[in-house]
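Next come the chains, spelled out residue by residue.
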Amino acid sequence: MDNHGIARVARTARTEEQRQQDLDKIQKYKQLDDAIRDKTSRHAYDDPTLFPLTSKLLRLNPEYYTIWNVRRRCLTSGLLSRPSAGSWPSTASPSTSPSATTNPSSAVSSSSSSAAIPPNPASLTTGKSGTTADVESAVDSTDADSEILRSELAFTVPLLLEFPKCYWIWKYRKWILEQAILRLPRPLASNVWEGELALVYKMLVKDRRNFHAWGYRRYLVARLESADLLGRSLVEDEFAYTTKMIRGDLSNFSAWHNRSRLMFRLLDERGADDEARAAFLDTELNLVQEALNVGPEDQSLWYYHRYLISQVIGSKGMPTITPNLTDGRKISYLEQECEFIRDLLQDFPDIKWPYEALLEYALALRKLRPGIKGEEQEDDPNFWLGKLRKLDAMQTGRWNDVERDIERQLADSII
Amino acid sequence: MADLKRLPDELQLATAQHVRYIQSLDTRKDEYDYWLTEHLRLNGLYWGLTALHLLRHPNALPREETINFVLSCQHESGGFGAAPGHDAHMLYTVSAVQILALVDAFDELEKRGTGKLKVAQFMAGLQDREKGTFAGDEWGEEDTRFLYGALNALSLLDMLHLVDVDKAVNHVVACANFDGGYGVNPGDESHSGQIFTCVAALTIAKRQDLIDKDRLAGWLSERQLPNGGLNGRPEKKEDVCYSWWVLSSLSMIGRTHWIDREKLIDFILRSQDTVDGGISDRPGNMVDVWHTLFGLTGLSLLGYPGLDEIDPVYCLPKSTVERVLGKSM
Ligand SMILES: [Zn+2]
């Protein structure tokens, strides 16, 4: 129902034989679905034959989200041990009101069906590890849980590789990982979580822009850093990871983006003073200049350059990595970068991105030097705007608005 | 739209074919794909029905059957699943509310469903009252798609007071990036689909003042490629559905004139199947109801003749939104 990138074929192309094959497939699929519905309608989540049926169906159709939920209910209805009452973190679930969010038709008879929601604490005391001080059985249940959770992670890997954009698989995987925190000793859980970084690495090699995988990586890192798992910062490692990704492929916008988001914490944690921050900014500017010399037509690089300049100029209410730059220093940064870009234009006069940057920076310079109207044409935003009009006529409406704003800005500064 | 007259015949809107295509969708039970996509049935009905309304054939699907099907997807919790027997989830609950709004049938919720209060409570219960975020269902995972869906449906039901709108707004603001766009969660890169949900959520909350409009519009208008189509992120391919995500966002902040409308109209029309109906992600590909709707909504925002006006915030016909919000206010 949501086709992307599939070539159009005539709809009448199906032969009678193909139609018959379709009907056979449908029959098998529906039999499987009916078998599962038969058990779930009776809330028979502890029926040992139900779990393997969900594996079968999910391999045919991982988008069938209800079946992932059935699988979760199977796990929390006997396959996994019950977590001890003390191990429920207060933030285990975003859902604050179980009565409003739990589907009653499925929750009635299975008190543990909503494992993500802290159930009635009274029901937890019946759990294995909650009451009996039997150390041996606790160890056994940990081993068993660990094995089940690892096997669940393994189950989703081939599905993720085949359907890397299926939200429900990613979501299930996160749920399994949260179960590891709830049910396994911290070192073991941390171990499981760290293993996930390798999977994301693999996914990002396959598709370097997959935003599910990038988002998943940020989620993993945030959880690994929390007191539930490692309890230490990974910001240096993550920053190094973006360097590695960028070195492998300059136009990886997602990697540049992540880099831009990490640097605040990076500098804070390094305890960087103003000079260290300025030095950091210089290094980053050098890095992106180097990249622009190789790929001046690359949008990712220009966004990153403009991002760094936004850190120099600062915008209202937004924190920047270099908060204490003097106006004089800001001006010299801007002049230095404008000069670099103008040099680039000597070799690449027909790419629009450098002109957009020059327009933006010329406007910023005007604001920083009120009253001083540059003598050179390159100080005039309208000069760059004229170039943009020629190179990108599709955005004529935008350039008209920009021109109006420039005039307004000029009028304001004269008054 | 005088310029459109110079377009060749095959670049006209194939209205009759699109209507027939949408009507045929529920008759394909002998196709394996029909069963594999059951988890999208209620969304599919919303997509198809909205498309039919835009095409000015609002009665091309029978109203009574539509309402019956929607109500058959409801759970006692008030939430809706994708089809009968599928678990309740925010995405389908929003579709259900939108369909009932389209066919003017909120009263059926009271007569035959759980009542609209319970529907609203289901969605409100998915908000994290500390962070302002919304989960899709009891199994967690937050996404600005769910936050938008909740604000959309709750405002249609006149039940926005059940949630903490200010906290939701704060969360959306935390998802903003330097480029003016928004991501799935704080820290995630800007993505056109997510930008639509965040800008629409802020519009419903009457907090457009928090949007960096010029910067965002600049990023959005850079999404147009030389062939006229729009992409979702830098360095990605064009796709008809971004005609909606990008253009509706531009429309909400009053900047649709920043892109080349003639070229986008041409791109969408070239993605039509003018024989069997439907629109695909790009010219020559397989059509589906999702791209059919978002191709039509794109054309509608561009003022293409023969189509009803779409509301860029709710993704419903303007007339529907005016009727529903007018009634509740
Ligand atoms: Zn698409």
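Keep in mind that what you see is a predicted model, and the values were worked out from it rather than measured.

Attention now goes to the overall build of chain A. Tallying secondary structure elements over chain A gives 19 helices and zero strands in all. In chain A, which comprises 415 residues, the proportion classed as buried is 50%. Of the contacts made within chain A by residues no fewer than 6 positions apart, 66% connect residues no fewer than 24 positions apart. Surface accessibility of chain A: about 19600 Å² in total, with carbon and sulfur atoms responsible for 54%.

Broken down by element type, chain B carries 15 helices and six strands. Compactness check: chain B gives a C-alpha radius of gyration of 19 Å against a globular reference of 20 Å for 329 residues, within 12% of the reference. By its C-alpha atoms, chain B is 55 × 50 × 40 Å across when sized along the principal axes. When the accessible area of chain B is evaluated, it comes to approximately 10800 Å², of which 51% is carbon and sulfur surface. Side-chain charges of chain B comprise 32 positive and 47 negative groups, with the mean position of each set lying 4 Å from the other.

What follows covers the coordination of the zinc ion. Every protein donor of the zinc ion is accounted for by His4(A) (NE2), Asp239(B) (OD), Asp239(B) (OD), Cys241(B) (SG) and His291(B) (NE2), and the metal-donor separations fall at 2.1 to 2.5 Å. Note that Cys241(B) is positioned in the loop between α11 (213-221) and α12 (242-252) and His291(B) in helix α14 (residues 289-301), a separation of 50 residues in sequence.

All names here are of chain A. Structurally, chain A comprises domain 1 (21-228) and domain 2 (233-325). Tallying the contact residues gives 10 residues for domain 1 and 16 residues for domain 2. For the pairing of domain 1 and domain 2, the buried interface totals around 1200 Å² over both sides, and the portion due to carbon and sulfur atoms is 52%. Broken down residue by residue, the surface that domain 1 buries against domain 2 is led by Arg208, Trp214 and Glu225, which jointly contribute 45%. Between Arg217 and Glu238 there is a salt bridge whose closest N-O contact spans 2.8 Å.

What follows is about the interface of chain A and chain B. Facing 75 residues of chain A, the contacting portion of chain B comprises 93 residues. When chain A packs against chain B, close to 7100 Å² is buried across both sides, 51% of that on carbon and sulfur atoms. Summed over the shared surface of chain A and chain B, the result is 11 salt bridges. A salt bridge links Lys171(A) to Asp137(B), with the shortest nitrogen-to-oxygen separation between them at 2.7 Å. Along the contact surface separating chain A from chain B lie 39 residue pairs in polar contact (both at pLDDT 80 or more). For the side of chain A that touches chain B, the element with the most residues is helix α1 (residues 16-41) of chain A, which contributes nine residues. Within the side of chain A that touches chain B, the residues separate by chemical class into 25 nonpolar, 23 polar and 27 charged.

Applying the stated criterion to the full structure yields 28 aromatic pairs over all chains. Three or more aromatic residues joined by ring pairs form one cluster here, namely Trp47(B), Tyr148(B), Phe196(B), Trp244(B), Trp245(B), Trp290(B) and Phe294(B). Across the ring face of Tyr167(A), the terminal group of Arg145(B) is positioned such that the distance to the ring centre comes to 3.9 Å.

Moving on, we get to the pattern of salt bridges. Residue and element names in this part refer to chain A. A full pass over the atoms with the stated rule returns 55 salt bridges over all chains. Lys39 is the partner of Asp47 in a salt bridge, and the nearest nitrogen-oxygen pair spans 3.3 Å. Exposure class is identical for Asp47 and Lys39. Each is buried. Among the salt bridges present, the one from Glu152 reaches Arg71, with a minimum N-O distance of 2.7 Å. Here Glu152 is found in helix α8 (residues 135-162), whereas its partner Arg71 is found in helix α3 (residues 65-79), with 81 residues between them in sequence.

The subject of this paragraph is the environment of Ala362(A). Residue and element names in this part refer to chain A. Mapped onto the fold, Ala362 is located in helix α17 (residues 353-368). Considering only alpha carbons, one finds Ala362 and Asn382, 20 residues apart in sequence, at a separation of 9.3 Å. The residues contacting Ala362, other than those within four sequence positions of it, are Glu378, Asp379, Pro381 and Trp384.

Right, let's talk about the confidence of the model for chain B for a bit. Confidence along chain B averages 94 in pLDDT terms, with 96% of residues attaining 70 or more. Confidence estimates for the predicted assembly give a pTM of 0.89 and an ipTM of 0.93.

Attention shifts here to the side chain of Ser95(B). All names here are of chain B. Looking at the element boundaries, Ser95 is found in helix α5 (residues 90-102). For Ser95, a relative accessible area of 5% puts it in the buried group. Excluding residues that lie within four positions of it along the chain, Ser95 makes contacts with Leu42, Asn43 and Tyr46.

The end-to-end C-alpha distance of α17(A), which contains 16 residues, comes to 23 Å, matching closely the 22 Å that a straight helix rising 1.5 Å per residue would cover. Burial analysis of α17(A) places 15 of its 16 residues in the buried class, which makes it a mostly covered element.

What follows concerns the side chain of Thr144(B). All names here are of chain B. Note that Thr144 resides in helix α8 (residues 144-156). When its relative accessible area of 1% is taken as the criterion, Thr144 is described as buried. Not counting residues within four places of it along the chain, the set of residues in contact with Thr144 comprises His171, Cys175, Gly183, Val184, Gln194, Thr197 and Cys198.

Residue and element names in this part refer to chain B. Closest axis-to-axis distance for the helix α10 (residues 192-204)/α11 pair is 12 Å, and the angle between their directions is 145°. By crossing handedness, the relation of α10 to α11 is classed as left-handed. Of the residues in α11, those touching α10 at Ser192, Ile195 and Val199 are Leu216, Trp219 and Leu220. Partitioning the contact of α10 with α11 into residue classes produces five nonpolar, one polar and no charged.

Reading guide: rules and limits
- Chains are numbered independently. Their residues run from 1 in the order of the written sequence.
- As a convention, the first chain written is A and the first ligand written is 1, with the rest following in written order.
- Under the rules for a predicted model, residues below a pLDDT of 70 receive no local features and side-chain atom pairs below 80 are neither given nor counted, while totals for whole chains, interfaces and linings still include all residues.
- Hydrogens and water are ignored here; the side-chain numbers use all heavy atoms of the structure.
- Runs of H or I in DSSP of at least four residues are treated as helices and runs of E of at least two as strands, each being numbered from the N terminus.
- Throughout, exposure labels follow a simple rule: accessible area from a 1.4 Å probe, protein chains only, divided by the maximum for the residue type, with under 20% read as buried, over 50% as exposed, and the rest as partly exposed.
- We call two residues in contact when some of their heavy atoms are within 4.5 Å.
- Reported accessibility uses the Shrake-Rupley method at a 1.4 Å probe radius. Residues are deemed covered only where the shown protein chains occlude them.
- The globule rule used here is 2.2 Å times the number of residues to the 0.38 power, and the radius of gyration it is set against is calculated over C-alpha atoms.
- Residues scored as charged are limited to Lys and Arg (positive) and Asp and Glu (negative), so that His and the chain ends carry no count.
- Here the site of a charge means NZ on Lys, CZ on Arg, CG on Asp, or CD on Glu.
- As a rule, N, O and S atoms within 2.8 Å of a metal are its donors, except that Na, K and Ca use 3.2 Å; water is not among the atoms, so sites may look incomplete.
- What marks off one domain from the next here is an automatic or database domain assignment.
- Take the accessible area each of two parts loses on contact, using a 1.4 Å probe, and add the two losses: that sum is the buried area.
- Each reported salt bridge corresponds to a side-chain nitrogen of Lys or Arg within 4 Å of a carboxyl oxygen of Asp or Glu.
- Pairing of N or O atoms within 3.5 Å defines a polar contact, subject to two protein rules: one partner must be a possible hydrogen donor and the other a possible acceptor, and residues neighboring in sequence count only if both atoms are side-chain atoms.
- Three categories are distinguished: nonpolar for Ala, Val, Leu, Ile, Met, Phe, Trp, Tyr, Cys and Pro, charged for Asp, Glu, Lys and Arg, and polar for the others, with Gly belonging to the last.
- Ring pairs shown here join Phe, Tyr and Trp side chains whose ring centres sit within 6.5 Å, with only the six-membered ring taken for Trp; geometry is labelled stacked below 30 degrees between planes, edge-to-face above 60, and tilted in between.
- Any Lys NZ or Arg CZ that is within 6 Å of a ring centre and within 35 degrees of that ring's normal is treated as a charge sitting over the ring.
- What pLDDT reports is the predictor's confidence in each residue, on a scale of 0 through 100.
- In this scheme, a helix's expected span is set at 1.5 Å multiplied by one less than its residue total.
- A fitted line through C-alpha atoms represents every axis, and for helices the fit uses only the stretch in contact; the resulting angles, taken between N-to-C directions, go from 0 to 180 degrees.
- Left-handed describes a crossing whose near helix is turned anticlockwise from the far helix through less than a right angle; right-handed describes the clockwise counterpart.

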